[in-house]
Amino acid sequence: MSEDRVREALGRIRREDFLPRRQRRFAAQDRALAIGLGQTNSQPTTVLNLLSLLEVDEGHQVLDVGSGSGWTTALLGSLVGSAGTVYGVELVPELAAWGQQNLDAYDMAWASIQQADPEALGLPDKGPFDRILVSAEAGSLPTSLVDQLEVGGLMVIPVAGVMTTVRRTTTEPTVVRHGLYSFVPLIVPDVG
Ligand SMILES: C[S@@+](CC[C@H](N)C(=O)[O-])C[C@H]1O[C@@H](n2cnc3c(N)ncnc32)[C@H](O)[C@@H]1O
């Protein structure tokens, strides 16, 4: 079951390894924690719910949009295993570098973090992906990310305050809403 696998991954990948030193003593608290530069390491219950909805299997190719501290990228790396691949993308350059440094401690060569292209959402050149996790809130569903899913692939994304799953099909995507959550905003490129 997806939630059991996620709980196991949360046991393997320690949240404190993805927090600034001054925040580590709060790692067990179920709330978002500041990681600097106006961003956060997400609330553990929220991460459990997001990753359970994502139904990640071993061997999946996964995109993690808004990798921040690197925690979700490492959790996804643990879920896909060495047969899979995880690409984390983070808009803030200092966080992208720090997230990769945090991830390095777990020695998962199949998971990596790079700075996001400010002019393109996601990583169109590396897709299509089996799974996409977005841990920042979009105002509306970004079609450019839906296009980066495999047909049959699944994305979890907060849209206008509602945790949303999006399954790509050969026609219109299947969109399901799962309840209210609070996130920092997803910065959507205006490439006019
Ligand atoms: C809630 S935080 C990240 C939580 C993170 N997944 C973790 O495990 O700590 C959301 C992140 O999304 C980033 N972000 C916002 N818009 C983005 C975009 N278009 N591309 C990549 N990252 C973005 C923010 O800079 C922020 O670090």
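Just above sits the structure.
Small disclaimer: the values here were computed from a predicted structure and weren't measured.

### A word on the overall build of the chain
Here comes step 1: Broken down by element type, the chain carries five helices and nine strands.
Here comes step 2: Its helices and strands in sequence order give the chain the pattern α-β-β-α-β-α-β-α-β-β-α-β-β-β, from N to C terminus.
Here comes step 3: Relative to its length of 192 residues, the chain is compact, with a C-alpha radius of gyration of 15 Å against a globular reference of 16 Å.
Here comes step 4: Across its three principal axes, the chain shows a C-alpha extent of roughly 45 × 35 × 30 Å.
Here comes step 5: A buried classification covers 47% of the 192 residues belonging to the chain.
Here comes step 6: Long-range pairs, those at least 24 residues apart, make up 56% of the contacts in the chain between residues at least 6 apart in sequence.
Here comes step 7: For the chain, the accessible area works out to roughly 9100 Å², and carbon and sulfur atoms hold 48% of it.
Here comes step 8: Considering the chain, the positive charge centre built from 15 side chains and the negative charge centre built from 23 side chains are found 8 Å apart.

### Topic: unusual backbone geometry
Here comes step 1: The omega torsion across Gly-127 and Pro-128 is 0°, close enough to zero to call that bond cis.
Here comes step 2: Positive phi is not limited to glycine here, since Asp-107 has a value of about 50°.
Here comes step 3: Judged by relative accessible area, which is 67%, Asp-107 ranks as exposed.
Here comes step 4: The backbone of Ala-160 sits at a positive phi, close to 50°, despite the residue not being glycine.
Here comes step 5: Take Ala-160: it is sitting in the loop between β7 (149-159) and β8 (162-167).
Here comes step 6: Given a relative accessible area of 51%, Ala-160 falls into the exposed group.

### Concerning the site of the ligand
Here comes step 1: Around the ligand sit 24 residues, and of these Ser-69, Thr-72, Glu-90, Ser-135 and Ile-187 come closest.
Here comes step 2: In this structure, a nitrogen atom belonging to the ligand sits 3.0 Å away from a main-chain N or O atom of Gly-66.
Here comes step 3: One of the backbone N or O atoms of Ile-187 is found 2.7 Å from a nitrogen atom in the ligand.
Here comes step 4: The fraction of the free accessible surface of the ligand (600 Å²) that becomes covered by protein chains is 98%.
Here comes step 5: Looking at the shell around the ligand, the elements that each hand over two or more residues are β2 (39-41), α3 (71-80) and β4 (85-90).
Here comes step 6: For the shell around the ligand, the element with the highest residue contribution is β2, accounting for three residues.
Here comes step 7: Split by residue class, the shell around the ligand holds 13 nonpolar, 10 polar and one charged.

### Topic: the packing of aromatic side chains
Here comes step 1: Throughout the structure, instances matching the rule amount to two aromatic pairs.
Here comes step 2: Relative to Tyr-106, the ring of Phe-18 has its centre 5.7 Å away and its plane inclined at 20°; by these criteria the two rings are stacked. Taken together, the residues span a long stretch of sequence, with Phe-18 in the loop between α1 (2-12) and β1 (33-36) and Tyr-106 in the loop between α4 (93-104) and β5 (111-115) at a distance of 88 residues.
Here comes step 3: Judged by centre distance (6.1 Å) and plane angle (70°), the ring pair of Tyr-87 and Phe-129 falls under edge-to-face. Of this pair, Tyr-87 sits in strand β4 while Phe-129 sits in strand β6 (residues 129-134), placing them 42 residues apart in sequence.
Here comes step 4: The class for Tyr-87 is buried, based on a relative accessible area of 16%.
Here comes step 5: For Phe-129, a relative accessible area of 0% gives the class buried.

What counts and how
Residues numbered from 1 in each chain as written. Predicted model: local features only at pLDDT ≥ 70, side-chain atom pairs only at ≥ 80, totals over all residues. Heavy atoms only, no water. Helix = DSSP H or I, 4+ residues; strand = E, 2+ residues; numbered from the N terminus. Rg over C-alpha atoms; globule rule 2.2 N^0.38 Å. Buried < 20%, exposed > 50% of the residue type's maximum accessible area, 1.4 Å probe, protein only. Contact = heavy atoms within 4.5 Å. Areas by Shrake-Rupley, 256 points an atom, 1.4 Å probe, with all protein chains shown as cover. Lys, Arg positive; Asp, Glu negative; His and termini not counted. Charge placed at Lys NZ, Arg CZ, Asp CG, Glu CD. Near = heavy atom within 4 Å. Polar contact = N/O pair within 3.5 Å; in protein donor to acceptor, adjacent residues only side chain to side chain. Nonpolar A, V, L, I, M, F, W, Y, C, P; charged D, E, K, R; others polar. Phe/Tyr/Trp six-rings, centres within 6.5 Å; stacked < 30°, edge-to-face > 60°.

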